[in-house]
Amino acid sequence: MASQLALITGASRGIGRGIAVELARIGFSVAINYAGRRDAALECKKLCEKAAPRGAESSFEIFQADISKTPDRARLLTEVRERFGWIDLLVNNAGVAPIVRVDLLKASEESFDRLMGINARGAFFLTQAVANFWIAGLKGREKASAKPKIVNISSISAFAPGPTRAEYCMSKAALSMMTQLFALRLAEYGIHVYEIRPGVIATDMTGPVRQKYERLISEGLAPIARWGTPEDVGRAVVAVAEDRFPFSTGEVINVDGGFHIRHF
Ligand code: NAP
C-alpha cells in the first residue's frame, strides 16, 4: 500500500516534530511545515528518514509557510498537493505563546491578534481549505475508500484559565470549538476530527517557564508527576492515524498526565 501523507503544521520543532517522527515510524510520509526555522525543519526531515521502517515507500519534505497568512496557506496547500497529490491526515499543531506573559487587565491587542491569528484563525482557514480539497476529491473516486482525518493540537489551557496568558487560553478554546464544528460538518464525508490536549510538555515553548513548571510538577500539578514529551503526543496522533477510533469524532484526547481530573 502506498504511504499515507500527513501534513503537520509547525513540525520543525517540539511537539510537531515528535508527531512527525512517530508517524514516520509507522510508515507515513510527512509534509513538514515550518515558519522560519529551516534548519530545524531539515533536522526533523532527517529524523523522520531515520525513523521510517526499512523498505517503506515514505518520503519527507519541508514546506515554509506562515499559517497566519492567507497567501502562505494557499501556497502551502498547492505545494503539498503538487508534491504528494493527496493528504490523509492534517495536524493543526503550529502555535505560539505570548511573547511576554502579562495580566489580562494589561494584555495588548497586538498580542491578542498574533495569537488568535496563528493559533485559531490560521488553523481554521487551513482546515477549511483542506476540507474543501477533500470533499472535491472524494466524490465518486477511488479515494472514497480513504478516511481523511484532522487532529487539532489544543492545550489544557483550552479549559484551565491562566490570567497571565488570556489570549493563549482563548485561542485554544477556539480550537476546541473548531474541532466540534468541523466534526459535525465533515462526518457525512467520512472525515473525522479529533482534539489532542497536551499538558505540560518539554519544548522550546515551555523553556522560559521551565523552573516554574518544575516546581508545580513536584508539588502535584498532575497525578503523573513528570514532564510530557513530544513523543507522548506523537503516539496519540498515531492512534488516530491508525484509525483506532472509528466510531468517534469531535473527541478530546487528553495527553496531560491526568491534569484534567478534578479532585480535592
Ligand atoms: P515550539 O517548540 O515553540 O514549536 C512551535 C512550532 O510552531 C515550530 O515548528 C514553529 O516553526 C511553528 N510555528 C510557529 N508559528 C508558526 C506560524 N505562524 N506558521 C507556521 N508554523 C509556525 O512549540 P510546541 O511546544 O511544540 O507547541 C506546539 C503546539 O502544541 C502549539 O500549538 C502549542 O500551543 C501546543 N501546546 C504546547 C504545550 C507545551 O507544553 N509545550 C502544551 C499544550 C499545547 P519554526 O521552527 O519555523 O519557528
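So, here's what we can say about the structure. (Residues numbered from 1 in each chain as written. Predicted model: local features only at pLDDT ≥ 70, side-chain atom pairs only at ≥ 80, totals over all residues. Heavy atoms only, no water.)

**Section: the packing of helix 4 (residues 109–138) against helix 5 (residues 166–186)**
Between helix 4 and helix 5, the least distance of the axes is 8 Å, while the angle of their chain directions is 15°. Taken together, the axes of helix 4 and helix 5 are roughly parallel relative to one another. The two elements helix 4 and helix 5 cross, and the hand of that crossing is right-handed. Contact residues: helix 4 offers S111, F112, L115, M116, N119, A120, A123, F124, T127, Q128, A131 and I135, while helix 5 offers E167, Y168, M170, S171, K172, A174, L175, M178, F182 and L186. (Axes fitted to C-alpha atoms, helices over the stretch in contact; angles between N-to-C directions. Helix = DSSP H or I, 4+ residues; strand = E, 2+ residues; numbered from the N terminus. Parallel < 35°, antiparallel > 145°, perpendicular 65-115°, else oblique. Left-handed = near helix turned anticlockwise from the far one by under 90°. Contact = heavy atoms within 4.5 Å.)

**A short note on the packing of aromatic side chains**
Between two aromatic rings, the relevant description is the distance of the centres plus the angle of the planes. As enumerated under the stated definition, the model contains seven aromatic pairs in all. Taking 6.2 Å as the distance between ring centres and 50° as the angle between the ring planes, the aromatic pair formed by Y194 and F245 counts as tilted. With Y194 in strand 6 (residues 192–198) and F245 in the loop between helix 7 (230–241) and strand 7 (251–255), the pair connects residues that are 51 residues apart, well separated along the chain. By relative accessible area, which is 1% here, Y194 ends up buried. Taken together, the ring pairs connect F124, F125 and F182 into an aromatic cluster. Taking NZ or CZ as reference, R210 lies 5.6 Å from the ring centre of W227, over its face. Positioned above the aromatic ring of Y213 is the side chain of K212, whose terminal nitrogen or guanidinium carbon lies 5.7 Å from the ring centre. (Phe/Tyr/Trp six-rings, centres within 6.5 Å; stacked < 30°, edge-to-face > 60°. Buried < 20%, exposed > 50% of the residue type's maximum accessible area, 1.4 Å probe, protein only. Lys NZ or Arg CZ within 6 Å of the ring centre and 35° of its normal.)

So, to be careful, I would describe these as geometric facts and stop short of saying anything about function.
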